[in-house]
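# Examination of the molecular architecture
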There are 2 protein chains.
Amino acid sequence: MDKQHIYKKFEDALKAEKIKLTPQRQAIFTNIMDSDEHRECDDIYNSLVQDDITVSKATIYRTLDILVKYDLIRKLVIGDGKAKYEPKIGKPHHDHMICIETGKIIEFDNDEIERLQEEEAKKRGYKIIKHVHQLFVKPIKDAKDI
Amino acid sequence: MDKQHIYKKFEDALKAEKIKLTPQRQAIFTNIMDSDEHRECDDIYNSLVQDDITVSKATIYRTLDILVKYDLIRKLVIGDGKAKYEPKIGKPHHDHMICIETGKIIEFDNDEIERLQEEEAKKRGYKIIKHVHQLFVKPIKDAKDI
DNA sequence: GTTTCTGCAAAGCCTTTGCATATCG
DNA sequence: CGATATGCAAAGGCTTTGCAGAAAC
């Protein structure tokens, strides 16, 4: 999906929600889409301020909720209870591996795991709406670690 | 593992940490061990108060940290950022399925998923220290839902 | 022109912390 | 007895909210 198409989805979401296209909402959306990181509200705020965009954290939080609702971005809560956000639309599905030594976030995806978890849910009469799969990992340093 | 053995692990943890065995710590530990639910600090607090045990939330939080550190209980953060706790020692490993309609928490376990995720980590030079795997599900109501 | 937004500051909520008193070993 | 724990209340940190002025359609 190209950038224009993605931006169109954003406009559609605003229309569906019957809300206005403001400079702040636009700036927040493109700021997230142009990033490949997993950032907190604060990070996004600082990034916008650095770009000389006038915006408040209140507006960012309010906008993030809308973007999550329309599946344009993904909200992650990793361990410490602080919410992180990443682009979702136009990106393939993936889960996360978090290095507990460096904090580095690595994306991974495994079709067989996806299938098996679907099966576990179905077995119990449920279907999966969304899932959280995070591996907290440490680098393997030598043989005894394996 | 029987109750006495589990309680022994608790005493060992206190000794390892060189901290005292107080009525509060004991009450908090057994309260969690006797429950099969996934409860918040507040729930545990209310349960203890109902049993006429004098304890403060500060002490509960402080004790929970110790119990988590020694792998006697497990801390879960599900969606809303509120921490939940469940017994861990003496219980087989499992992950969680959360019904988004009723809030019901269902435990599941799948060896193959465990193996595959281990493989994903190893492939990248990491080993898993812990993991979070939560499926947010909805009941299947009819054929079109499948 | 209205309706909807924004920014600000205040309030909320869960969790942590400082401190004086009480308790364990 | 000395060291550690507890409870209280206050402080912290992220997030949400009420409200008056500002902006979109």
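What you are looking at is a predicted structure, and each value in this text was computed from that prediction instead of being measured.

## Some details on the protein's contact with DNA strand D
Among the 19 residues in the neighbourhood of DNA strand D, the closest are listed as Y61 of chain A together with I19, T54, T59 and R62 of chain B. Near-protein atoms of DNA strand D (within 4 Å) split between backbone and bases, with sugar and phosphate holding 69%. Between DNA strand D and S56 of chain B, the relevant distance is 2.9 Å, taken from a phosphate oxygen to a main-chain nitrogen or oxygen of the residue. Looking at the surface near DNA strand D residue by residue, the class counts come to eight nonpolar, five polar and six charged.

## Re the protein's contact with DNA strand C
Looking at DNA strand C, there are 19 residues lining it, with I19, K20, T22 and T59 of chain A together with Y61 of chain B nearest. What you see for DNA strand C is that sugar and phosphate hold 70% of its atoms within 4 Å of the protein. R25 of chain A is positioned with one of its side-chain polar atoms (N or O) 3.2 Å from a sugar or linking oxygen of DNA strand C. R62 of chain A has a polar side-chain atom sitting 2.8 Å from a base nitrogen of DNA strand C. Every element with two or more residues in the surface near DNA strand C is listed here: α2 (23-33) and α4 (57-69) of chain A together with α4 (57-69) of chain B.

## Some words on the sheet that holds strand β3 (residues 83-87) of chain B
Reading across from one edge, β1-β3-β2 (chain B) is the order of the three strands in this open sheet, with antiparallel pairing throughout. Across the chains shown, the open sheet's two edge strands, defined by having one partner strand only, are β1 (39-40) and β2 (73-77) of chain B.

## What to know about the environment of Q134 of chain B
Along the chain, Q134 of chain B turns up in strand β6 (residues 126-139). The exposure class of Q134 of chain B is buried, given its relative accessible area of 3%. Contacts of Q134 of chain B, omitting those with residues within four sequence positions, involve K130, H131 and V132 of chain A together with V77, I78, H96 and I98 of chain B.

## Let's talk about the interface of chain B and chain A
One widely used convention gives an interface's size as the accessible area the parts lose upon coming together. With 37 residues of chain B in contact, the opposing surface of chain A contributes 37 residues. Of all residues in chain B, Y126, K127 and F136 of chain B give up the largest surface area on contact with chain A, accounting jointly for 19% of the area buried on that side. Taken together, the links from chain B to chain A amount to zero salt bridges. In this assembly, chain B and chain A are joined by 14 residue pairs in polar contact (both at pLDDT 80 or more). Broken down by secondary-structure element, the contributors of at least two residues to the side of chain B that touches chain A are β4 (95-99), β5 (105-108), α5 (111-123) and β6 of chain B. It is β6 of chain B that provides the largest number of residues to the side of chain B that touches chain A, a total of 14 residues. A breakdown of the residues in the side of chain B that touches chain A according to their chemical character gives 19 nonpolar, seven polar and 11 charged.

Criteria and thresholds
- Residues numbered from 1 in each chain as written.
- Chains lettered and ligands numbered in written order.
- Predicted model: local features only at pLDDT ≥ 70, side-chain atom pairs only at ≥ 80, totals over all residues.
- Heavy atoms only, no water.
- Near = heavy atom within 4 Å.
- Polar contact = N/O pair within 3.5 Å; in protein donor to acceptor, adjacent residues only side chain to side chain.
- Nonpolar A, V, L, I, M, F, W, Y, C, P; charged D, E, K, R; others polar.
- Helix = DSSP H or I, 4+ residues; strand = E, 2+ residues; numbered from the N terminus.
- Pairing = 2+ DSSP bridges.
- Buried < 20%, exposed > 50% of the residue type's maximum accessible area, 1.4 Å probe, protein only.
- Contact = heavy atoms within 4.5 Å.
- Buried area = accessible area lost by both parts, 1.4 Å probe.
- Salt bridge = Lys/Arg side-chain N within 4 Å of Asp/Glu carboxyl O.

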